Amino acid sequence: EIVIDAVISSLSYTSSPAISVFPNPANDHLNVSIQDLNSGSLIKIIDLSGRIIYENLTYSPFQIIDLSSIVPGLYNISIENKLNSIHHVQKLIIF
């Protein structure tokens, strides 16, 4: 008898009215606006293989991210704020 146990994980994309990421597609910089910020938010840019390309803990409601050192391509941007129970993930195109 053969038994196969498989774990399937997926990344769900959510949208939050409190978070805005622009422009998208982006070239040299990316603006991140986080409204109603009561604590630090962790911002990550992750490539499609799961490698973290950029990571920053910010306490500012507006962040400008320099993208000049990031290779053009398709990424995910993740913004997490545990105090406010926010976990926002969206696709990001850098050209």
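Residues numbered from 1 in each chain as written. Predicted model: local features only at pLDDT ≥ 70, side-chain atom pairs only at ≥ 80, totals over all residues. Heavy atoms only, no water.

### Re the sheet that holds strand β7 (residues 86-94)
Taken in spatial order, the four strands line up as β4-β3-β6-β7 in an open sheet, and their pairing is antiparallel. Across the chains shown, the open sheet's two edge strands, defined by having one partner strand only, are β4 (52-58) and β7. Strand after strand, the sheet turns through a mean of 15 degrees between neighbouring axes, direction not considered. Judged from the six bridges that link them, strand β3 (residues 41-47) and β4 form a sheet pairing that is antiparallel. What sits directly across from Ile45, in β4, is Tyr54. (Pairing = 2+ DSSP bridges. Helix = DSSP H or I, 4+ residues; strand = E, 2+ residues; numbered from the N terminus. Axes fitted to C-alpha atoms, helices over the stretch in contact; angles between N-to-C directions.)

### Digging into the environment of His88
Following the sequence through the fold, His88 ends up in strand β7. His88 sits 11 residues away from Ile77 along the chain, and the two C-alpha atoms are 8.0 Å apart.

### Notes on the pairing of strand β5 (residues 62-66)
The side chains of a regular strand alternate, residue by residue, between the two faces of the sheet. Only one face of β5 is covered, namely the face carrying Gln63 and Ile65; the face carrying Phe62, Ile64 and Asp66 is uncovered. Pairing of strand β2 (residues 29-34) with β5 involves five bridges; the strand directions are antiparallel. Paired with Val32 across the two strands is Gln63, which belongs to β5. (Buried < 20%, exposed > 50% of the residue type's maximum accessible area, 1.4 Å probe, protein only.)

The values are spatial; any link to function lies outside them.
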